[in-house]
Structures are given as C-alpha cells and as structure tokens.
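# A look at the structure
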Amino acid sequence: MNNKIEEIKKLESPPKVIDNIFNQNEINDFLKLYSELPLTVHNKKQNVIKKRWLQGFNTDLEKKFFDRVSKEIGHFKLDNLKDENGKDILGLIQESYNPIGLHVDAGFEINNQIYKQTLIPLSSIGSTVIFKNRFYNGSTSFTQDPEELNKKNLTYGQNKRSDIHLKMFGDKPFDKKIHKKYLQHEKIDNLKGLEVELIYEWKVGSMLIFDRSHLHCSSSVIKGKKIGIATFTKR
C-alpha cells in the first residue's frame, strides 16, 4: 500500500471539466501529432491503438498543454512512462474501437505521491465514467475474468489484474439504468458497491481532470472509434 496516502488525500478534489480549453486549430495540431507519432501498441484483442506522446514533435503544443494544465492544477511533475532514452513521455494517445474496462491509474511506483490525470478528447463520440470509489495500491485493472486474473508476467507499463475491489466497497447492487445506458461492456456484478461520481460526455476542445485514485472506465457509447490523450501527474 502507498505510504503517502494521507498526502495524496489532502490534494484530492472532485473531477472537473474545463470547456473550450483548446481551440479547433490546436485540436488539429493534436490530430496531426497523433498521425506523426510512431505506433507503440496495437492490442488486437482490445482493438486499441496506443501511441506515446514523445517530446519534440511539436514543442509549441507541448508548452500550451503544460501552461493550461498548470493553470488548473498548479505545480505538478509528469508520471507517465519513459521513452527508450529515459525521457518522460508527455502522455498516451489511444484510438479505441471498444470500451476499456474498469481500472485505476494509480501508478507503477508504489510510493509516488500520485496527483491528477487529464483526458483530452480528440473525437466527439464517447464518454468516461468516474466512480466515487478510490484505490491507492498501484495501477490496476479490476476484473472477475479468471484468465485475466491469472496474468502475472506483466511487462513495463501494464496494469496488474485484481478482483480485490469486490471486497472493498460493499454489496450494494450497481445502478441498472446507468449500466444499461453506459456500461454494457462490463458485467454488472463486477460493479458491485460502486457509485458514479461523474459521467463525462466527450466534447472536443474540453479537458477532464480527476484524481488518479478514482476507479473509472470507458463507457460503451462509441461510434466507430474514439481518440483521446491521457496524461498522469504526481507531486
């Protein structure tokens, strides 16, 4: 368990959405950046394409991103993965055709003081479900799937698998209406004890900011595909 939980909790706050933080020209620059970055992973099982936001492809866009995030959350350090030269990547761009399941991005260095994460939509159809429930013991995908739970030999940057959430948050059944509208890709039993804090409907030009301790997942609302940039910070 992270030994900085009390420090982490002092800086926690409700999720927030900042509208119109990027104009259309800047969104076009992000899309151009995505087209130019090298492929990192094409997970055919999940049907997800991932690219690392490497430094130096558009330094003007990098500065705008840092300036605007700093204005919203104050001082921060990056806590993304590293490139082959040991330099921080600036975030992860994902092109998803299927929704991503329940997880938490609480980091891979257990004693880091995790802080906020951001999500920038580059497409308009999609939504992200943020739960009130929190978890501090590293980046984890929460599942009941025995095959997933047996995966132990994980590579750098892969979430561990766990069903520990089912023992942490009680037995209250999950809201059936929300499940039907947003979370049909998840077994409702896997959401037992969870309560929704925010459903973020993607809007190009906006940015979602939330604590890295929040359990969250994609919604099942996807039209063709969706593209978004996620960045993770620490103190």
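The structure under discussion appears in the preceding block.
Residues numbered from 1 in each chain as written. Predicted model: local features only at pLDDT ≥ 70, side-chain atom pairs only at ≥ 80, totals over all residues. Heavy atoms only, no water.

We now examine the packing of helix α2 (residues 24-36) against helix α3 (residues 59-73). Axis separation between α2 and α3 bottoms out at 11 Å; the angle between their running directions is 120°. What the angle tells us is that α2 and α3 run oblique. As α2 packs across α3, the resulting crossing turns out to be left-handed. The segment α2 lies against α3, with E26, D29, F30 and L33 engaging L61, K64 and R68. Its residues assigned to classes, the contact of α2 with α3 comprises three nonpolar, no polar and four charged. (Axes fitted to C-alpha atoms, helices over the stretch in contact; angles between N-to-C directions. Helix = DSSP H or I, 4+ residues; strand = E, 2+ residues; numbered from the N terminus. Parallel < 35°, antiparallel > 145°, perpendicular 65-115°, else oblique. Left-handed = near helix turned anticlockwise from the far one by under 90°. Contact = heavy atoms within 4.5 Å. Nonpolar A, V, L, I, M, F, W, Y, C, P; charged D, E, K, R; others polar.)

This part is about α2. Helix length check: α2 (13 residues) gives 18 Å between terminal C-alpha atoms against 18 Å at 1.5 Å per residue, within 8%. If you follow the buried residues of α2, they end up packed against β3 (48-52), α3, β5 (92-96), β7 (114-121) and β14 (226-234). By the N-cap criterion, in which a side-chain oxygen at the helix start approaches the backbone nitrogen of a residue two or three places on, α2 is capped by N23, the distance to N25 being 3.1 Å. (Expected span 1.5 Å × (residues − 1). Polar contact = N/O pair within 3.5 Å; in protein donor to acceptor, adjacent residues only side chain to side chain.)

Structurally, T233 can be placed in strand β14. Under the relative-accessibility criterion, T233 is labelled buried at 1%. For T233 and N112, which are 121 residues apart along the polypeptide, the C-alpha to C-alpha distance reads 9.9 Å. For T233, the residues in contact, after removing those within four places along its chain, are I73, F76, K77, D79, I114, Y115, K116 and R212. In this structure the side chain of T233 is engaged in a polar contact, spanning 2.6 Å, whose partner is the backbone oxygen of K116. (Buried < 20%, exposed > 50% of the residue type's maximum accessible area, 1.4 Å probe, protein only.)

This next bit is on the nonpolar core. By size, the foremost hydrophobic cluster in this structure holds 27 residues, and its most contacted members are F22, F30 and I120. For this core, the secondary structure elements donating two or more residues are α2, α3, β7, β12 (207-211) and β14. For F22, the contacting residues outside a window of four places in its chain are I27, F30, F65, R68, I120, G205 and M207. One finds I8, V104, F135 and L194 within the second-largest nonpolar core, a separate group that totals 18 residues. (Core = buried A, V, L, I, M, F, W, Y, C linked by side-chain atoms within 4.5 Å.)

In this structure the tally under the stated criterion is seven aromatic pairs. Ring centres 5.2 Å apart and planes at 65° place the aromatic pair W53 and F65 in the edge-to-face group. Of this pair, W53 sits in the loop between β3 and α3 while F65 sits in helix α3, and the two are twelve residues apart along the sequence. Across this residue pair, the class does not change: W53 and F65 are buried. Between F65 and F66 the ring centres are 5.8 Å apart and the planes differ by 80°, which places this aromatic pair in the edge-to-face class. Owing to a relative accessible area of 1%, F65 belongs among the buried residues under this scheme. One aromatic cluster is present, formed by F22, F30, W53, F65, F66 and F76 through successive ring pairs. The ring centre of Y34 lies 4.5 Å from the NZ or CZ of K51, which sits over that ring. It is R235 that lies over the ring of Y115; its NZ or CZ is 4.5 Å from the centre. (Phe/Tyr/Trp six-rings, centres within 6.5 Å; stacked < 30°, edge-to-face > 60°. Lys NZ or Arg CZ within 6 Å of the ring centre and 35° of its normal.)

All told, the structure shown has 16 salt bridges when counted by the stated rule. R52 is paired through a salt bridge with E84; the nearest N and O atoms lie 3.0 Å apart. Of this pair, R52 sits in strand β3 while E84 sits in the loop between β4 (77-78) and β5; the two residues are 32 residues apart in sequence, bridging distant segments of the chain. The salt bridge partner of D211 is K116, with a shortest N-O separation of 2.4 Å. Linking D211 in strand β12 with K116 in strand β7, this pair joins segments that are 95 residues apart in sequence. There is no split in this pair, since D211 and K116 are both buried. (Salt bridge = Lys/Arg side-chain N within 4 Å of Asp/Glu carboxyl O.)

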